[in-house]
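Descriptive structure summary
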Amino acid sequence: MDDSEPTEPGRLSRRQFAKAAVAIGGASALSACMGRNGEPDVSNGPDDLSTLPARQHAWNEFLPTDDHGNDVAPRHRVLLLLNYASDGTPSDGDRKTVESAFESLERAYERGNDGLLFTVGYSPSYFERFDADLPESVDLQQPKALAPFEDPELDQQDAVVHLASDHASVVLAAEEALLGEKSEVNGVEMDADLTGVFEKADRRTGFVGSGLPAENQDAEGIPDDEPVSEDSPLFMGFKSGFKKNQASEDRVTIQDGPFADGTTHQLSKIQLKLEQWYEQDSRSQRVSKMFCPVHAEEDLVEGVGENLGDSAKMSEKGCPAHTEDHARTKGMVGHSQKSARARDDDDSPLMIRRDFDSTDGGQAGLHFVSVQRTISDFVDTREAMNGEDVAEKSAVGQKNNNGILQYMEVLRRGNFLLPPRKHRSLPKPNP
Ligand code: HEM
């Protein structure tokens with residue numbers, strides 16, 4: 001039977017069901033997902049966990065690459081926002097329980113897109129529980145609005161767990177296991193879970209990769225005529241995450257102090273409004289606004305942009321340096337063009353983007369997850385992307401024709417520290 005064929009009249013097709021399962025969550029979604037698709041054949045992790053990297057954010061070496069050497073993001077995601085269940089500072093007992101739960105997951109699933117990748121981060125509010133301050137080598141700040149045109153709710157939960165896999169059933173099972181609803185995963189007994197130590201405050205889900213946005217485009221914010229192509233990894237119709245437009249993992253890693261080998265984790269919940277994008281803007285306008293007006297004029301982007309290889313061709317085409325000039329002469333600037341003004345002296349972006357699309361609440365959105373050495377690196381990049389300087393000096397609006405700002409609204413922002421693996425469980429500020 002074809003995957004897209006309904007099983008019975010009025011019932012969800014298999015494919016529709018599988019795609020909805022992560023968003024729905026829970027034991028019934030998991031069992032139905034496995035029952036219908038069969039349990040994926042996923043290897044267990046190593047017995048000796050000391051063979052795993054010191055960095056939680058060391059994902060790239062465990063991901064496949066495409067024909068151009070770009071890292072291919074894991075397709076299914078869950079973000080769990082958690083609060084420490086007790087008042088005051090965490091006990092050593094709780095610390096052990098949490099570490100034991102994470103180690104069980106690492107034994108259950110090999111690290112990688114075919115198994116499981118996960119990180120756990122802690123907010124500034126979490127660290128405020130302690131008398132001691134974080135060391136100077138860590139730049140973590142409370143989240144705040146980063147543009148005059150946004151008014152986000154602030155995520156001040158204690159912790160965030162990011163689960164990622166190419167298998168929907170793996171992220172679901174890992175989530176269930178952490179929340180104490182499943183005592184065994186992939187044939188491995190959970191030695192502990194997070195219940196009693198953490199309480200779930202929020203759950204966000206999503207997907208990224210060719211085919212998934214097209215299958216999930218029946219959502220608020222996307223026109224009814226299904227404009228998202230099968231090839232597109234994201235709702236907006238273009239590929240992202242080219243190798244040369246991402247920082248390296250070394251570039252984003254904290255260098256010194258007790259949190260060396262850690263990084264910072266920024267999380268934004270973004271609502272997408274793609275009616276005008278697909279119904280009024282031409283293909284040429286979309287290419288100009290996403291990449292750069294030069295890309296539209298020289299017809300540099302075919303389809304979703306696979307032809308660009310391993311680079312969105314920003315500095316190669318002089319786009320960032322011509323941002324103001326393009327605003328004046330062409331009345332439009334590109335999202336990547338503006339954002340690439342925030343690169344460092346070696347022409348490297350400051351962050352790695354690990355974002356994904358979402359239909360949480362039936363609304364098209366994007367959970368923007370990025371890792372960077374300091375939260376200031378994120379703030380600087382977001383400032384470059386805001387392009388307020390450009391709007392002041394040209395006919396480009398605060399949001400209109402100013403990259404993709406018009407099509408997105410930041411609803412929530414949160415900042416977290418991703419400690420190195422050895423301090424990932426309820427860390428003290430001075431471990
Ligand atoms: C709303 C959804 C968004 C979409 C669909 C999107 C898409 C893209 C695309 C297609 C590129 C071009 C090339 C590449 O990724 O390799 C890009 C570049 C980039 N975007 Fe976004 N983006 C979004 C939001 C954001 C946000 C919220 C930020 C936060 C600051 C951001 C930061 C960047 C950066 C830093 C680059 C690379 C710049 C460089 O090359 O130096 N993007 N984005």
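The paragraphs below set out a description of the structure included in this document. This structure is a prediction, so every number in the text was calculated from the model and none was measured.

**Some remarks on the state of the cysteines**
Enumeration over the complete set of coordinates arrives at one disulfide. Between the sulfur atoms of Cys292 and its disulfide mate Cys319 the distance is 2.3 Å. Across the S-S bond linking Cys292 and Cys319, the dihedral sits near -90°, which makes this disulfide left-handed. Separated by 27 residues along the polypeptide, Cys292 in the loop between α9 (283–290) and α10 (293–297) and Cys319 in the loop between α10 and α11 (323–330) bring together distant segments of the chain. When its relative accessible area of 0% is taken as the criterion, Cys319 is described as buried.

**Focus: the side chain of Asp66**
In this structure, Asp66 sits in the loop between α2 (26–37) and β1 (76–84). Within polar-contact distance, the side chain of Asp66 engages the backbone nitrogen of His68 at 2.8 Å. When sequence neighbours within four positions are dropped, the list of residues in contact with Asp66 reads Val72, Lys239 and Glu306.

**Examining the coordination of the iron atom of the ligand**
No protein donor other than His335 (NE2) coordinates the iron atom of the ligand, and that contact is at 2.0 Å. By the secondary structure assignment, His335 is in helix α12 (residues 335–339).

**Some remarks on the site of the ligand**
Among the 26 residues in the neighbourhood of the ligand, the closest are listed as Gly241, Asn245, His335, Arg343 and Arg353. Between Arg343 and the ligand, the recorded distance is 2.7 Å, taken from a side-chain N or O atom to an oxygen atom. Contributing elements (two or more residues each) for the shell around the ligand: β8 (263–272), α12, β11 (365–372) and α13 (375–386). Of all the elements, α13 adds the most residues to the shell around the ligand, at four residues. Split by residue class, the shell around the ligand holds 15 nonpolar, seven polar and four charged.

Rules and cut-offs
Residues numbered from 1 in each chain as written. Predicted model: local features only at pLDDT ≥ 70, side-chain atom pairs only at ≥ 80, totals over all residues. Heavy atoms only, no water. Disulfide = S-S within 2.5 Å. Helix = DSSP H or I, 4+ residues; strand = E, 2+ residues; numbered from the N terminus. Buried < 20%, exposed > 50% of the residue type's maximum accessible area, 1.4 Å probe, protein only. Polar contact = N/O pair within 3.5 Å; in protein donor to acceptor, adjacent residues only side chain to side chain. Contact = heavy atoms within 4.5 Å. Donors = N, O, S within 2.8 Å, 3.2 Å for Na, K, Ca; no water. Near = heavy atom within 4 Å. Nonpolar A, V, L, I, M, F, W, Y, C, P; charged D, E, K, R; others polar.

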